[in-house]
Amino acid sequence: DGGITQSPKYLFRKEGQNVTLSCEQNLNHDAMYWYRQDPGQGLRLIYYSQIVNDFQKGDIAEGYSVSREKKESFPLTVTSAQKNPTAFYLCASRGSYLTGNTIYFGEGSWLTVV
Amino acid sequence: AQTVTQSQPEMSVQEAETVTLSCTYDTSESNYYLFWYKQPPSRQMILVIRQEAYKQQNATENRFSVNFQKAAKSFSLKISDSQLGDTAMYFCAFMKSWDQGGKLIFGQGTELSVKP
């Protein structure tokens, strides 16, 4: 099936650790995104990438890092510099102009600091 | 900067009735896209409907339709014949044209409860 796969679904991080959330898509989309969702809030953009080997900061990039070595993959690393990382993280990719530039989302990953 | 406002944090509707969720946005762009996403308790974001700003005709997808008022910068979602499975958080979202990075800007959401 075509879609966006995020893993793990649940992740626990100890203080001072870096953790990486995986995002893979087989939709052949060029653009990929990472969003963060906190309780009672809408989604906020962390990073996005429009093409392989290129990415830009979103609104809340501090404490996060990404890479885009392959079209299919856009992993997000939550570093120890992120002071409040407990949240729900959503990866997304964007279809072409022909599909109305619609953004499709993965099922999300829960990150909790313990 | 673009902003999206959903003024109704919570709404409820009886099964089989119609409900309208409000959304307003602020932008100086003339070409853009608007979306409604549904987030059920599973937390997955599901596209409900989309609207291109250059199209005057309101988008419709089965029981879901929008009332797009470009001059008023309003984009409301109407759900007809509400079903229990429509219970979810609904987000209105704005996106500039594709060559601006395709970033979505979300409202705060409206939590809809459909009651039997």
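Reading the values: rules and limits
- Residues numbered from 1 in each chain as written.
- Chains lettered and ligands numbered in written order.
- Predicted model: local features only at pLDDT ≥ 70, side-chain atom pairs only at ≥ 80, totals over all residues.
- Heavy atoms only, no water.
- Helix = DSSP H or I, 4+ residues; strand = E, 2+ residues; numbered from the N terminus.
- Rg over C-alpha atoms; globule rule 2.2 N^0.38 Å.
- Buried < 20%, exposed > 50% of the residue type's maximum accessible area, 1.4 Å probe, protein only.
- Contact = heavy atoms within 4.5 Å.
- Areas by Shrake-Rupley, 256 points an atom, 1.4 Å probe, with all protein chains shown as cover.
- Lys, Arg positive; Asp, Glu negative; His and termini not counted.
- Charge placed at Lys NZ, Arg CZ, Asp CG, Glu CD.
- Salt bridge = Lys/Arg side-chain N within 4 Å of Asp/Glu carboxyl O.
- Disulfide = S-S within 2.5 Å.
- Phe/Tyr/Trp six-rings, centres within 6.5 Å; stacked < 30°, edge-to-face > 60°.

Observations regarding the overall build of chain B
(1) Moving on: Looking only at helices and strands, chain B features 0 helices and 12 strands.
(2) Moving on: Counting from the amino terminus, helix and strand elements in chain B follow one another as β-β-β-β-β-β-β-β-β-β-β-β.
(3) Moving on: A compact globule built from 116 residues should have a C-alpha radius of gyration of about 13 Å, and chain B, at 14 Å, falls within 12% of that.
(4) Moving on: Seen along its three principal axes, the alpha-carbon backbone of chain B occupies a region of about 45 × 25 × 20 Å.
(5) Moving on: Counting across all 116 residues of chain B, residues that qualify as buried make up 47%.
(6) Moving on: For chain B, restricting intrachain contacts to residue pairs at least 6 apart in sequence, the fraction spanning at least 24 positions comes to 56%.
(7) Moving on: For chain B, the exposed area adds up to about 5600 Å²; of that, 44% sits on carbon and sulfur atoms.
(8) Moving on: Both charge centroids of chain B, one from 11 positive and one from 11 negative side chains, sit 5 Å from each other.

Re the pattern of salt bridges
(1) Moving on: Enumeration over the complete set of coordinates arrives at 7 salt bridges over all chains.
(2) Moving on: As a salt-bridge pair, D30 of chain A and K71 of chain A come within 3.4 Å of each other at their nearest N and O atoms. Highlighted residues: D30 of chain A in the loop between β3 (19–25) and β4 (31–37) and K71 of chain A in the loop between β7 (64–66) and β8 (76–78), separated in sequence by 41 residues.
(3) Moving on: Using a relative accessible area of 43% as the deciding quantity, one classes D30 of chain A as partly exposed.
(4) Moving on: K55 of chain B serves as the salt-bridge partner of E52 of chain B, at 3.9 Å between the closest nitrogen and oxygen.
(5) Moving on: Judged by its relative accessible area of 11%, E52 of chain B falls in the buried class.

Notes on unusual backbone geometry
(1) Moving on: Following S7 of chain A, the chain continues into P8 of chain A via a peptide bond in cis, with omega recorded as -10 degrees.
(2) Moving on: Tracing the backbone through its elements, the reader meets P8 of chain A in the loop between β1 (4–7) and β2 (10–13).
(3) Moving on: We note that N53 of chain A has phi near 65 degrees; this positive angle belongs to a residue other than glycine.
(4) Moving on: The residue N53 of chain A is located in the loop between β5 (43–51) and β6 (54–57) in this model.
(5) Moving on: Residue class for N53 of chain A comes out exposed when judged on its relative accessible area of 63%.
(6) Moving on: The backbone phi angle of D81 of chain B is positive, close to 50 degrees, even though this residue is not glycine.

Comments concerning the state of the cysteines
(1) Moving on: One pass over the full model with this rule turns up 2 disulfides over all chains.
(2) Moving on: Sulfur-sulfur distance for the disulfide between C23 of chain A and C91 of chain A comes to 1.8 Å. The sign of the -75 degrees torsion about the S-S bond sets the C23 of chain A-C91 of chain A disulfide as left-handed. Within this pair, whereas C23 of chain A is found in strand β3, its partner C91 of chain A is found in strand β9 (residues 87–94), the two being separated by 68 residues in sequence.
(3) Moving on: A relative accessible area of 1% places C23 of chain A in the buried class.
(4) Moving on: Covalently, C23 of chain B is tied to C92 of chain B through a disulfide, its sulfur atoms 2.0 Å apart. On the sign convention where negative is left-handed, the bridge of C23 of chain B and C92 of chain B, at about -70 degrees about the S-S bond, is left-handed. A residue pair is termed long-range when its members are at least 10 positions apart, and C23 of chain B in the loop between β3 (19–21) and β4 (24–26) and C92 of chain B in strand β10 (residues 88–96) qualify at 69 residues.
(5) Moving on: On the basis of relative accessibility, which here comes to 0%, the residue C92 of chain B falls in the buried class.

Quick notes on the packing of aromatic side chains
(1) Moving on: Applying the stated criterion to the full structure yields 18 aromatic pairs over all chains.
(2) Moving on: Plain terms: the ring middles of Y33 of chain B and F35 of chain B are 6.5 Å apart, the flat faces sit at 25 degrees to each other, and that makes the pair stacked. With respect to burial, Y33 of chain B and F35 of chain B carry one shared label: buried.
(3) Moving on: Taken together, the aromatic side chains of Y33, Y35, Y48 and F105 of chain A together with Y33, F35, Y37, F91 and F106 of chain B make up a single cluster linked through ring pairs.

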